[in-house]
Every structure is written in C-alpha cells, then in structure tokens.
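# Structure assessment
This is what each chain is made of:
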Amino acid sequence: MSSWKNLLLKIGDNCPEYGNSDDLKDHIETCFGVIRRELEHSSDDVPHYIINCAEQIPHKIPLYGTLDALDSGNCDRIRILMRFLTVMMCSKILQPGSLVVVFETLLSSAATTVDEDKGNPSWQARADFYVTCILSCLPWGGAELIEQVPEEIERVMAGLEAYLSIRRHTSDTGLSFFEEDDESGKGLVEKDFLEDLWHRVQALSSNGWKLDSVPRPHLSFEAQLVSGKSHEFGPISCPEQPDVPTAVSGITHGKQKHDAELKYPQRIRRLNIFPASKSEVDMQPIDRFILEEYLLDVLLFFNGCRKECAFYMVNLPVPFRYEYLMAETIFSQLLLLPQPPFKPIYYTLVIMDLCKALPGAFPAVVAGAVRALFEKIADLDMECRIRFILWFSHHLSNFQFIWPWEEWAYVLDLPKWAPQRVFVQEVLEREVRLSYWDKVKQSIENAPALEELLPPKGGPNFKYSMEDGRERSEEHALSAELTNKVKGRQTAREIIVWVEESVYPIHGLGVTIKVVVQTLLDIGSKSFTHLITVLERYGQVISKICPDHDKQLMLIEEVSLFWKNNTQNAAISIDRMMGYRLISNLAIVRWVFSPENIDQFHTSDRPWEVLRNAVSKTYNRICDLRKEIISLKKGVTLAEEAAAKAKAELEAAESKLSLVDGEPVLGGNPARLSRLKLHAEKAKNEEISAKESLEAKEALFARAVEENEALYLSLYRNFSNVLMERLPDASRAGTLQDLKSTHADAMAVDLEEPSAMELDNENGRPKKSQSNGGSSGNVYNIGEKEQWCLSTLGYVKAFSRQYASEIWPHMEKLDAEVLSEDTHPLFRRAVYSGLHRPIN
C-alpha cells in the first residue's frame, strides 16, 4: 500500500481520543503535508480515497473532514456521506447554507411522502430514514450550524418537529425481541426509534450542543481554516415518490409497507439487557446514539476482517467505558428481526475476539448478558431463541465448553416443556454436534445430573444390523443382497429391475421402502461424502419406489427412524434428499405435522429444523431463479443490441456501390460481405438462444411460484388445523396473556393451600413461583397444552416474518382459504404480527 494511503488509514490511532498520547494536531499536519504533495501527482486518487476512508472508517470522519452524491440506493452510503458533508462544513470546506439546503431537500421529500393526499404513507420508512440522516448529522455539526446560520438551523429544527407531528408512530409489533413487548402493546406507547433520537438531539441542543464523544480536531486549525475558501454544494434530488396502488386495500398497503421497510430498514432495535446504571453510566442522552453509530459502522465496514473489527471496537474515541453498551449493541444485531445484517457466525467471531481483547472485562459482561437472556427465555421471540441457542453453543465451543452449569441444574426440576429446560437441552445437543458426546459430558461434571438432557450417544439405528445378535429374517437377507449389489457397483437401473422383480411383488411396498432406504442410508452413514455418493448413484432407485407424496412420507419416516439418535444427520439426510428432488417440500410439511412430531413441537427443535431447512431451500431456489432471470434479461438486451448492430453493418455494406469489371454493382467487397453475413447470422442466433434461455427460465420460475403458493397454503393450513384443535375457545384466550393464565386459573384452587410435594425439602417453606409463566427454583406455572400452543404460535410468527417477501404475493389466497373470520384470533394475530401487518 502507498505510504500516503497507509497514513490516511491510521490517522489519529496514537492520539488521546484513541487511548494513546500523541498530539492529534501533529498527526493531521503530517498527513496534510504528505497529501498536499501527493495531490500534485494523483489529483483524482486522493479525494476518492479520502471518501472511501470516510465511508469505511466512519468514526474517523472528523479527521478526514479536517483534511479534505447522495446515492439513492445505498442507505449506509447516504448516511455516511451526509455526516462527511457535515464535518466538511465544520472545517470550512463547505458553506453551511449548502448543508442546510441538503437537509431541507430531504425534509421536504419526507413530509411529502407521509402526506395522505400528495404522497404515499406506505413508504414512511423512507421518509423516516431521510429524517434520521438529518438528525444523525447534528451531533457532528450542530454547534457550528447554530453559530454560523442560526436562523436556518432553527428553521430545520422546526421542520423536523413538524414532520414528527404528522408521521405515524411506528410499532415494533412482530419485530420485538420479547413476546411480552408485542402483547402489552409496548411499541405503541413508548417512543419509537425516530422519536427517541429526536428527544436525544433536543437534549443536546438544550445543552448548547456540547459533547465529548465526537472528536473536534478542526478547532486546532481554526486560524488556517477560516482563511480558506468554502464551496457551495450542488443541488440534490430525491427519488420519485412510489406510485400509490390503484386499488388501495389492506394487502396492497401492507405489501408496499413491507417493500419500503426492506429497502430502508431501521438500523437498530435496542435490546436493553442491562440497567441504564451499567450501560449508560457517565453519558448524556446523545452519547448512546453516537456510540451505537460507531459500533454499528465498525461492524458494517469491517465485516470479514474480524481482528480489525475487534481492534476498532475497543478503541473508540469516547471518554467513558462502554463494555455493557457494546455487548447490548452486538446482541441487538445478532438477534435483530427479521434478520441480522450479517450471518450470525460473524457476531460469534467478533464476540470471541472481544473476549480475548478485553479479558478482564468483556467475558464477564457477555456472561451477564447470557444470564439475563436466560432468565427471560420464556418470553424471548422464537427466532431469537434459536439464534441465541446456536450462538451460545458455538461460543462455548471456542472456550473449551466452560460454563457454570451448576447454576442451571435446577432446570431438571422443571417440566420437560419449560423453556429454560428446553434451552439447556438444545444447547447441549448443539455442543455435541460441534464436538463429541464424551467431551460435552465432561464439561457438565459440576452438574452431572444434566446428563439426562444430553442427546443419545448412539449412532445409526440400522434395522437390519447383525452386530447386536438379532435373529436373521427374510428382510435381513434382502438388505444383505442389496448391500452386495451396491458393493459390486451394480447400476441404479439394475437395482431397480431387482426391486421390481424380486422385492416389491413378493414383499409389498412397506418392506421395499424399509429395505432400500435403511440399507442405502447404512452404506452412506460413514460420512457426509458417503451419503452424497449413495444419493447420486442410487437416488433413482429411491425416486422409483417413492414417486408421490404418500410414499415420500414413508421415506422420511424411515430416514427419521434410522437417525433417531442423531438429529443432525436426520436433518442433513432429509435436506439432501430434497436437494436431489427425492422428497418434495409438501411431503416434508406433512411429515412435520404428523402426530409423533406434533407432540414434540414444544420440547424439541428436531421437527422445526427439518421444516426450516425445507422452507429455506424453497425460498433460496426461487430467489436464485429471480437473479438468473435478471441476468438473462440483461443478456437478451445485449444480444439484441449486438444483432441489430451486425444487421445495420451488413445492410450498410450491401447498399454501397462498387465496380466489378468496370461496371457499377450494389455491394461492397465480397469477402467482407461474406464475413458480415456470417457475423449477422451468428449474432441473430445468439439473440434467439438468449431469448429461449430466458423463456425456459421464466417457465421454471412460474412453476416455482406455483410450488411456493402450494407450500405456504399447506403450511398455514396445517398450522391452523393443529392449533384449532388445541387452543382454548377465543372467548377465554383472546391474547397470549390469557393463554398463559389458563392453566394457572385451572389450578387456582390447588395453589391456595400448598401440598406436601410443593414444600421446600429443607425448611418447609412454599417454593417460589411466578404467575407470568417464568420459573424460579423448580416451579413453572404454564401447563403443557398451553406451552405447546405458545411455542407453535411463536413458530407461526417466526416463519411468517422470515419469508414475508414470498408470502405477501399469496396473501389474498391465504386470507380467503386459511385466515377466514372463523380462524382463531391468536393464530391470525401470529401470522399478521410476523408480516408486520395491522391486526385490524
């Protein structure tokens, strides 16, 4: 890397704001000298690189601003460049009036968007984003603006206040980390993110715009900067307002609102794990926002560079400690709904590196966060709960599986459906996947009774194994014969003939499926590679004997039985079979909602993992087809242009006059004409080929859309059916809180006088309990049926939220066929909540 680039990257690293002692002014002067010389040779490279640095190391923006568009599609770029414009104004590079014009342009667009008559309120997410950009600039330049253009900035502040008075309060319903927040309507009462930011900016304004969490290096250069030339910033324009649908309905409004929130997502939802006395100590209100901006920017621009990410996160230019707020911010991103900005593994690695970078502080903070979330696990959103399980098990695997399990040993006294007990059980199961059974058992030696929650130790459950001394049956002989055929490298066609002539006619369908599936799975059980090899070579055999959903259901049941002691391998095998189209997603839905699996909905993730894989694979398939169609359309356009150009060149050549034997003849040089004809024919053929490829892909996409519709209809019908069978009457359980209290009300008489079994063994005192469904000691107040309903409703919301983009196009049909008026209100509420759709 060039020396001037390296200097720009590391500017300020050794200064007091970043925990060292070098003088910041010296740093900037040194950098400025090098940059000024470099400008003589690379006048285009330097500004471009400074902007790149400002975008990718945003917490150093004041430094880059002292040294030294809007992009309509990239929210992070818009936000960062606006902050960069602000600090350039502070450094006298940009005239303050120009920045005010930018603010007012965005504010005008935002106000128009939420106007019921002139705009499209469905796109309020975009309007809120513009206003958030303006507010987020003020901590970096509010003091200078109020000093230089007081009337203009007061006008902007009045405009911001007016916007906040006409916009709709946004609810986090369906996106809250905890179910109780959704249920209590907390999101409707408390400030939403924009209202909260406005409150913090107002507090900063009341404090004279004084703050210590934003470096102000330009003040050291006031004399030099004031004599420089300030520049006007050209006018900006905002994208056109999205068209209001011709037929306005709840569905069209909801679909547009969903599209807007996808394009302009709220950057953070605060996960308040710790009390403010820990997370916001020695801060003024705006400091929390600024620190979150620093942390989120570092996470954004250093993804893929975990070491650098951790380095910058622990060396931010703020004068207070922030370990607790850093943990809250990272966990808020890991658990962010509908999905985190990056893959969960990224946050796992960052937390791991931060624990190593701050060994005396951060591990204890992380442990505190885990304990706090565990205490509220019963109320944690189901999707967040799954991510928490996956993160925690992976985190422990990086720290030798060390955890004080004795703290949670009491979960064994809770019923098998209690969320805390299920959480411990699922974490241990995931740990076994990441290590091995004996290692995980050793890690819980301080709480040996928890071995009860470990998954079975055994491997495959091969029905025709001879190792355990079972009596040899005719089915054993068939299995052995099939094994020999596979070892003898017989083809799939030869084995199909053997099945059709020697197995199926004599033993029937049931035995045929058992023998073939069990035997092939046993051959492929040694490793994932063995499984893939078997499916690639002999998948046709399975496809031949299981051509429809009924037979595929029998196939899945055999896979589940074979791997009954290994949840991971069962899920992998079913997923691979779906990948090879041996099993349909509809067959998987039927299997998940079979009686045996329904009984596990509240106690195990096993059926849910299989269902998640199936829906995810279907979703990815249709997303890939969309991308391929976009690419093919571009290819068709290019092919059409190339064909038109080749045709025009040929026609131009043919129209020219040339002399042949002294006589004028139409047409140019014969050799050149021949080449042009061949080129035109080739270009036309390529155009035809590109169009045919597009048509074929669009046909596949149309079929995929139909399959998608069938999948979601089947999924929601099954959800509706099983919930209608188990949910209490709507008159007794119209809310989740009603559902939670159903069991407690039924037991109210029994609880008036504690029985002998409910007394503490040591001192005879009644054991503690929490009527809200929490657990303390060994009491959990929610009955099994009620917990089953709560868990299943949680998964309904999670699936609706995760696949909302694919569900919305089929909403009218779902409303008509599944979510009719006689549907239980709790089921409808779960679906609507997941889609972020108003209930009424």
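Reference entry: report on the structure contained in this document. (Residues numbered from 1 in each chain as written. Predicted model: local features only at pLDDT ≥ 70, side-chain atom pairs only at ≥ 80, totals over all residues. Heavy atoms only, no water.)

When helices and strands are tallied, the protein chain shows 37 helices and 4 strands. Here the protein chain holds 840 residues, and 51% of them are scored as buried. Carbon and sulfur atoms provide 51% of the accessible area of the protein chain, an area that totals close to 39,300 Å². (Helix = DSSP H or I, 4+ residues; strand = E, 2+ residues; numbered from the N terminus. Buried < 20%, exposed > 50% of the residue type's maximum accessible area, 1.4 Å probe, protein only. Areas by Shrake-Rupley, 256 points an atom, 1.4 Å probe, with all protein chains shown as cover.)

A separate point is the side chain of Thr 329. Within the element layout of this structure, Thr 329 appears in helix H17 (residues 323-334). Non-local contacts of Thr 329, meaning those with residues more than four positions away in its chain, are made with Ile 268, Glu 292, Leu 295 and Leu 296. (Contact = heavy atoms within 4.5 Å.)

Looking now at the side chain of Arg 828. Along the chain, the position of Arg 828 falls in helix H37 (residues 825-834). Buried charge without a salt bridge: Arg 828, with Asp 822 as the nearest opposite-charge side chain at an N-O distance of 6.2 Å. At a separation of 2.7 Å, a polar atom in the side chain of Arg 828 contacts the main-chain carbonyl oxygen of Ser 820. (Lys, Arg positive; Asp, Glu negative; His and termini not counted. Salt bridge = Lys/Arg side-chain N within 4 Å of Asp/Glu carboxyl O. Polar contact = N/O pair within 3.5 Å; in protein donor to acceptor, adjacent residues only side chain to side chain.)

Next up on the list: the pattern of salt bridges. On inspection of all chains with the given rule, the structure shows 53 salt bridges. Residue Glu 640 is joined to Lys 691 by a salt bridge in which the shortest nitrogen-to-oxygen separation is 3.4 Å. Linking Glu 640 in helix H30 (residues 606-654) with Lys 691 in helix H31 (residues 670-726), this pair joins segments that are 51 residues apart in sequence. Residue Glu 640 is classed as partly exposed on the basis of its relative accessible area, which comes to 34%.

Here we take up the packing of helix H7 (residues 124-148) against helix H11 (residues 193-206). Relative to each other, H7 and H11 sit at 25 degrees, their axes nearing to 10 Å. Our classification of the angle between H7 and H11 gives roughly parallel. Note that H7 runs across H11; the crossing there is left-handed. The segment H7 lies against H11, with Asp 128, Val 131, Thr 132, Leu 135, Leu 138 and Pro 139 engaging Phe 193, Leu 194, Leu 197, Trp 198, Val 201 and Leu 204. Of the residues in the contact of H7 with H11, the class split is 10 nonpolar, 1 polar and 1 charged. (Axes fitted to C-alpha atoms, helices over the stretch in contact; angles between N-to-C directions. Parallel < 35°, antiparallel > 145°, perpendicular 65-115°, else oblique. Left-handed = near helix turned anticlockwise from the far one by under 90°. Nonpolar A, V, L, I, M, F, W, Y, C, P; charged D, E, K, R; others polar.)

Right, let's talk about the state of the cysteines for a bit. Here, the word disulfide means a covalent bond between the sulfur atoms of two cysteines. The final tally for this structure, using the stated rule, is 0 disulfides. Just so you know, Cys 90 is unpaired, no disulfide at all, and the nearest cysteine sulfur is the one on Cys 137, 10.0 Å from it. A relative accessible area of 2% means that Cys 90 is categorised as buried. Cys 305 carries a free sulfur, and the closest cysteine sulfur to it, the one in Cys 309, is 8.8 Å from it. (Disulfide = S-S within 2.5 Å.)

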